[in-house]
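Per-entry structural report
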Amino acid sequence: MLERIRKGSLVETAIESLRNAIEKGDWSVGDRLPVESELSESLGVSRNTVREAVRVLVHVGMLETRQGDGTYVRATRDAGETLRRIARTQLAEQLEVRIMLETEAAKLAAHRRTEQDLRHMTTALDARAKAGDDLQARIRHDEAFHHALVAASHNSALIELYDYFSHAVSQTIEQTETDADLPEPSQEDHELLLAAVRRQDEDKAESLARALLKPSLQALKRRES
């Protein structure tokens, strides 16, 4: 079941071996792991190494230690490792996911937005416009606008998913702002999207959110083909 450790950092390799076993389904959510001595024997490392590896996986939420009862699988994915894997995907793939999330968010925001939501989006866009040639400031305020748009959907699951994906969102914003070969969504493009949300035009908000990034996605796919 477990890959025996032969070289490298013992703790890191033990973590990876345990993580892989959980992700492959060797243990399911709710299953109790073998006792420390058995894990130590299977991995070929000391019980101290096993104990430290388990502590790390408890910290990231994959395992749960119950006092006097043992260690149980709490989740089959390590959130941090998932984010690292997302960061290694191609930019075009990240843009596709971002478009899916933001188009649905825009449609919901147009239906559910409050006056406070509109103020948050307006403040972010005004700051984006005033940033001028300050690239980092423009990127920061661009991100703030998109997060405010998603927050205006008032869908807790979508908001959590977008926040989870936010590192990849930041990468796509920076790439479209800095790569001369990628079309950069203009201030006007963003203002039109906000206007559609303001007047509660769900279909227009959805189409404008998709149109905001579609040119960049098409340029990337041409480059990668």
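Residues numbered from 1 in each chain as written. Predicted model: local features only at pLDDT ≥ 70, side-chain atom pairs only at ≥ 80, totals over all residues. Heavy atoms only, no water.

Another aspect to go through is the packing of helix α7 (residues 135-151) against helix α8 (residues 156-164). When two helices pack together, their arrangement is given by the angle between their axes and by how far apart the axes lie. Where α7 meets α8, the closest approach of the two axes is 9 Å, and the angle between their N-to-C directions is 155°. Comparing their axes, α8 and α7 come out roughly antiparallel. Where α7 abuts α8, its residues His146, His147, Val150 and Ala151 lie against Leu158, Ile159, Tyr162 and Asp163. Class assignment for the residues of the contact of α7 with α8 results in 5 nonpolar, 2 polar and 1 charged. (Axes fitted to C-alpha atoms, helices over the stretch in contact; angles between N-to-C directions. Helix = DSSP H or I, 4+ residues; strand = E, 2+ residues; numbered from the N terminus. Parallel < 35°, antiparallel > 145°, perpendicular 65-115°, else oblique. Contact = heavy atoms within 4.5 Å. Nonpolar A, V, L, I, M, F, W, Y, C, P; charged D, E, K, R; others polar.)

Applying the stated criterion across every chain yields a total of 12 salt bridges. Between Asp26 and Lys24 there is a salt bridge, with its nearest N and O atoms 3.9 Å apart. With relative accessibility at 30%, the residue Asp26 sits in the partly exposed group. Close ionic contact of Glu52 with Arg55 constitutes a salt bridge, the shortest N to O distance being 3.3 Å. A residue pair is termed a helical-turn pair when its members lie 3 or 4 positions apart in one helix, as Glu52 and Arg55 do in helix α3 (residues 47-59) at 3 residues. A relative accessible area of 32% means that Glu52 is categorised as partly exposed. If you follow the salt bridges from partner to partner, you end up with Glu36, Arg47 and Arg51 in one network. (Salt bridge = Lys/Arg side-chain N within 4 Å of Asp/Glu carboxyl O. Buried < 20%, exposed > 50% of the residue type's maximum accessible area, 1.4 Å probe, protein only.)

As a further point, take unusual backbone geometry. Although it is not a glycine, His154 adopts a positive phi angle of roughly 55°. Within the fold, His154 resides in the loop between α7 and α8. At Gln200, a position not held by glycine, the phi torsion is positive, near 60°. Looking at where Gln200 falls in the secondary structure, it is placed in the loop between α10 (187-198) and α11 (202-224).

Size it by volume and the largest pocket reaches roughly 240 Å³. A total of 4 residues in the lining of the largest pocket trace back to one element, the largest contributor, which is α3. Of the residues contributing to the lining of the largest pocket, the split by class is 6 nonpolar, 3 polar and 5 charged. (1 Å grid on protein atoms, 1.4 Å probe; cavity = no way out; pocket = protein on both sides within 12 Å on 5 of 7 lines; lining within 4 Å. Points joined across faces, edges and corners; volume = space filled by probe spheres on them.)

Among the residues of helix α2 (residues 36-43), those classed as buried are Leu39, Ser40 and Leu43. For α2, the buried positions fall inside an angular range of 100° around the axis, keeping them on one side. Structurally, α2 contributes buried residues whose contacts are with α1 (10-23) and α3. (Arc of directions from axis to C-beta.)

Turning our eyes to something else, we now look at the nonpolar core. Formed by 19 residues in total, the largest nonpolar core has its most connected members in Met121, Phe145, Leu149, Leu193, Val197 and Ala205. Of all the elements in the fold, those that place two or more residues in this core are α5 (91-112), α6 (115-130), α7, α10 and α11. Those residues in contact with Met121, other than ones at most four positions away along the chain, are Phe145, Ala148, Leu149, Ala152, Leu194 and Val197. The next biggest cluster of nonpolar side chains, apart from the first, holds 17 residues, and it includes Ala21, Val45, Ala53 and Val73. (Core = buried A, V, L, I, M, F, W, Y, C linked by side-chain atoms within 4.5 Å.)

Where α2 meets α3, the axes come as close as 9 Å, and the angle between the chain directions of the two elements is 105°. Taken together, the axes of α2 and α3 lie roughly perpendicular to each other. Residues Glu36, Ser37, Leu39, Ser40 and Leu43 of α2 form the contact with α3, whose own contacting residues are Arg47, Val50 and Arg51. Looking at the contact of α2 with α3, its residues break down into 3 nonpolar, 2 polar and 3 charged.

It is worth spelling out the pairing of strand β1 (residues 63-66) at this point. For β1 and strand β2 (residues 70-73), the ladder comprises 4 bridges, and the chain directions are antiparallel. In the strand pairing of β2, Arg66 is matched with Gly70. Between β1 and β2, which pair antiparallel one after the other, the connecting turn spans 3 residues, and Gly68 there sits at a positive phi close to 75°. (Pairing = 2+ DSSP bridges.)

Counting across every chain of the model gives 1 cavity of 30 Å³ or more. What the largest cavity holds in volume is close to 50 Å³. Lining the largest cavity we find Arg98, Arg128, Asp142, His146, Ile173, Thr176, Glu177, Pro185, His190 and Leu213. When residues of the lining of the largest cavity are traced back to their parent elements, those giving at least two are α7 and α9 (166-178).

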